[in-house]
Amino acid sequence: MTQIFLLIFVITIFYWVYKGYSRNQVVYSKKQFQHFVITKEHLANSELGLFVALVAKVAKADGRVDELEAELVSNMFNDISTLFPDPEAAKNILKQIFDIEKQVPDNLVLVTQALYNALHNDPHKRQKMMEFLVNLSYIDGVLSNTEEAMLHTIAIHLHLSADMLSAMLQQFGSYHRHSVKESSISQAYTLLGLSSDATNDAVKKAYRSLVREFHPDIIKAQGASDEYLKEATEKVQEINAAYEMIKKSRGI
C-alpha cells in the first residue's frame, strides 16, 4: 500500500512539473486576442506592440533598415497582425509604431522595462524575443558595435543574464558565419528558382516570396525547438546571399 501511495505521489509531482513547463512554452493564438480593442495606445502598450518597438530600434541601430531587414519586418507585421480580430487595422498600427520608434532610440530602456513588466512571469517569451532581436541584428551578416550595445541594454532590462546573451551572440554569429556559402551565379539563380534571363522585377518578386516563406516567425518561435531559428536563419541568409550576387552581377 505504501508503494502505491508513493507511486501516486511521484506521478503527481511529475504532472505538476510538466504543467509548469507547459505554461512556459506558450504559443500565441487568436483566442488570446479575440477581445482585444485595437487602438494605437492599446496596441503600443501591449507586449507585442512593445516588442515591435524594440525591433524598430534594433533594425535602425546601424543607421538604416536594409532591404532584407525591411522584408523580415514586413513579414513580422503579417505574422503578428493575424492574431487580432481586425488584422489589417492591427498591421497599420504596428507599422505606425515601428516608424515612430525607429526614430526614437533614447527611450530604449523605458520600452524594454515596459516589456519586462508585461512578461516578468514568462521568461520563455522574453528569451525567444531576445533571440529574435539577436537574429535580426546578425541577419545582414554583420553585428555593428551599436547593435551589440543595444542588445546588451535590452538583455539587462529584460532581466536576462549576460551569459545567456553571450551564448545567443555566439550561436547566431556562428549560424551567419557558416550560412553564407560561396556559389556561382548560376547556382544563385537556381536557388531563387529563376533562369538567367529573368527580369529584374521577377528576381525581386522571387526573392521576396522566398524570404516570406522561410523568414524567422516570432509567433511560431514561441513554441519551437532551438533548431527553428537556426534553420530559418540559414535559409534566409542563403537566399539573401544569392539575391545580392545577382544584383551585383546586374549592377542593380
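The coordinates are above.
For the structure given in this document, a descriptive report is provided here.

What counts, and at which threshold
- Residues numbered from 1 in each chain as written.
- Predicted model: local features only at pLDDT ≥ 70, side-chain atom pairs only at ≥ 80, totals over all residues.
- Heavy atoms only, no water.
- Helix = DSSP H or I, 4+ residues; strand = E, 2+ residues; numbered from the N terminus.
- Buried < 20%, exposed > 50% of the residue type's maximum accessible area, 1.4 Å probe, protein only.
- Contact = heavy atoms within 4.5 Å.
- Expected span 1.5 Å × (residues − 1).
- Arc of directions from axis to C-beta.
- Axes fitted to C-alpha atoms, helices over the stretch in contact; angles between N-to-C directions.
- Parallel < 35°, antiparallel > 145°, perpendicular 65-115°, else oblique.
- Nonpolar A, V, L, I, M, F, W, Y, C, P; charged D, E, K, R; others polar.
- Phe/Tyr/Trp six-rings, centres within 6.5 Å; stacked < 30°, edge-to-face > 60°.
- Polar contact = N/O pair within 3.5 Å; in protein donor to acceptor, adjacent residues only side chain to side chain.
- Core = buried A, V, L, I, M, F, W, Y, C linked by side-chain atoms within 4.5 Å.
- Salt bridge = Lys/Arg side-chain N within 4 Å of Asp/Glu carboxyl O.

1. Structural notes on the environment of Arg 250
Alright, step 1. Relative to the assigned elements, Arg 250 resides in helix α13 (residues 227-250).
Alright, step 2. Its relative accessible area of 25% is what places Arg 250 among the partly exposed residues.
Alright, step 3. In this structure the C-alpha to C-alpha distance between Arg 250 and Asn 200, which are 50 residues apart in sequence, comes to 8.6 Å.
Alright, step 4. Among residues more than four places away in sequence, those in contact with Arg 250 are Tyr 189, Ser 196, Asp 197, Ala 198, Thr 199, Asn 200 and Val 203.

2. What about helix α11 (residues 200-214)?
Alright, step 1. With 15 residues, α11 extends 21 Å between its outermost C-alpha atoms, agreeing within 8% with the 21 Å of an ideal straight helix rising 1.5 Å per residue.
Alright, step 2. Where α11 is concerned, the buried positions are Val 203, Ala 206, Tyr 207, Leu 210 and Val 211. The buried side chains of α11 occupy one side of the element, clustering within an arc of 130° when seen end-on. Exposed side chains of α11 directed beyond 90 degrees from the buried face belong to Asp 201, Lys 205 and Glu 213.

3. Some details on the side chain of Glu 71
Alright, step 1. By the secondary structure assignment, Glu 71 is in helix α4 (residues 67-81).
Alright, step 2. On the basis of relative accessible area, Glu 71 is assigned to the buried category, the value being 10%.
Alright, step 3. Excluding its chain neighbours within four sequence positions, the residues that come into contact with Glu 71 are Tyr 207, Arg 208 and Val 211.

4. Here we look at the packing of helix α7 (residues 123-138) against helix α8 (residues 145-157)
Alright, step 1. Here α7 crosses α8 at 175°, and the two axes come no closer than 11 Å. Considering the angle they form, α7 stands roughly antiparallel to α8. Contacts between α7 and α8 pair Met 130, Leu 133, Val 134 and Ser 137 from the former with Glu 147, Leu 151, Ile 154 and Ala 155 from the latter.
Alright, step 2. Per-class residue counts for the contact of α7 with α8 are six nonpolar, one polar and one charged.

5. Brief notes about the environment of Val 134
Alright, step 1. Here Val 134 is to be found in helix α7.
Alright, step 2. Along the chain, Val 134 and Gly 173 lie 39 residues apart, while their C-alpha atoms are 9.1 Å from each other.
Alright, step 3. Contacts of Val 134, omitting those with residues within four sequence positions, involve Leu 151, Leu 165, Met 168, Leu 169 and Phe 172.

6. A look at the packing of aromatic side chains
Alright, step 1. Enumeration according to the criterion identifies six aromatic pairs in this entry.
Alright, step 2. Summarising the aromatic geometry, the rings of Phe 51 and Phe 132 are spaced 5.6 Å apart at their centres and angled 65° between planes, so their arrangement reads as edge-to-face. Remark: Phe 132 occurs in helix α7 and Phe 51 occurs in helix α3 (residues 47-59); sequence separation between them is 81 residues.
Alright, step 3. Ring centres of Tyr 207 and Tyr 243 lie 3.7 Å apart, and the angle between their planes is 10°; this geometry places the pair in the stacked category. Of this pair, Tyr 207 sits in helix α11 while Tyr 243 sits in helix α13, and the two are 36 residues apart along the sequence.
Alright, step 4. A relative accessible area of 3% means that Tyr 243 is categorised as buried.

7. Brief notes about α4
Alright, step 1. The terminal C-alpha atoms of α4, which comprises 15 residues, lie 21 Å apart, in line with the 21 Å expected from a rise of 1.5 Å per residue.
Alright, step 2. Within α4, burial applies to Leu 68, Glu 69, Glu 71, Leu 72, Val 73, Asn 75, Met 76, Phe 77, Asp 79, Ile 80 and Ser 81.
Alright, step 3. Capping of α4 at its N-terminal end is provided by Asp 66; its side-chain oxygen lies 3.2 Å from the backbone amide nitrogen of Leu 68.

8. Topic: the nonpolar core
Alright, step 1. If you look at the biggest cluster of nonpolar residues, it comprises 67 residues, and the most contacted ones within it are Val 55, Met 76, Ile 80, Phe 84, Met 130, Val 134 and Ile 154.
Alright, step 2. No other element matches the 10 residues that α3 contributes to this core.
Alright, step 3. Setting aside chain neighbours within four positions, we find Ile 154 in contact with Leu 54, Val 58, Leu 108, Thr 112, Met 130 and Leu 133.

9. Topic: the pattern of salt bridges
Alright, step 1. Applying the stated criterion across every chain yields a total of eight salt bridges.
Alright, step 2. Close ionic contact of Lys 128 with Glu 131 constitutes a salt bridge, the shortest N to O distance being 3.5 Å. With Lys 128 and Glu 131 both in helix α7 and three residues apart, this pair spans about one turn of that helix. The two residues Lys 128 and Glu 131 agree in class, both being buried.
Alright, step 3. Each of Glu 67, Lys 204, Glu 244 and Lys 247 takes part in one network of salt bridges that share partners.

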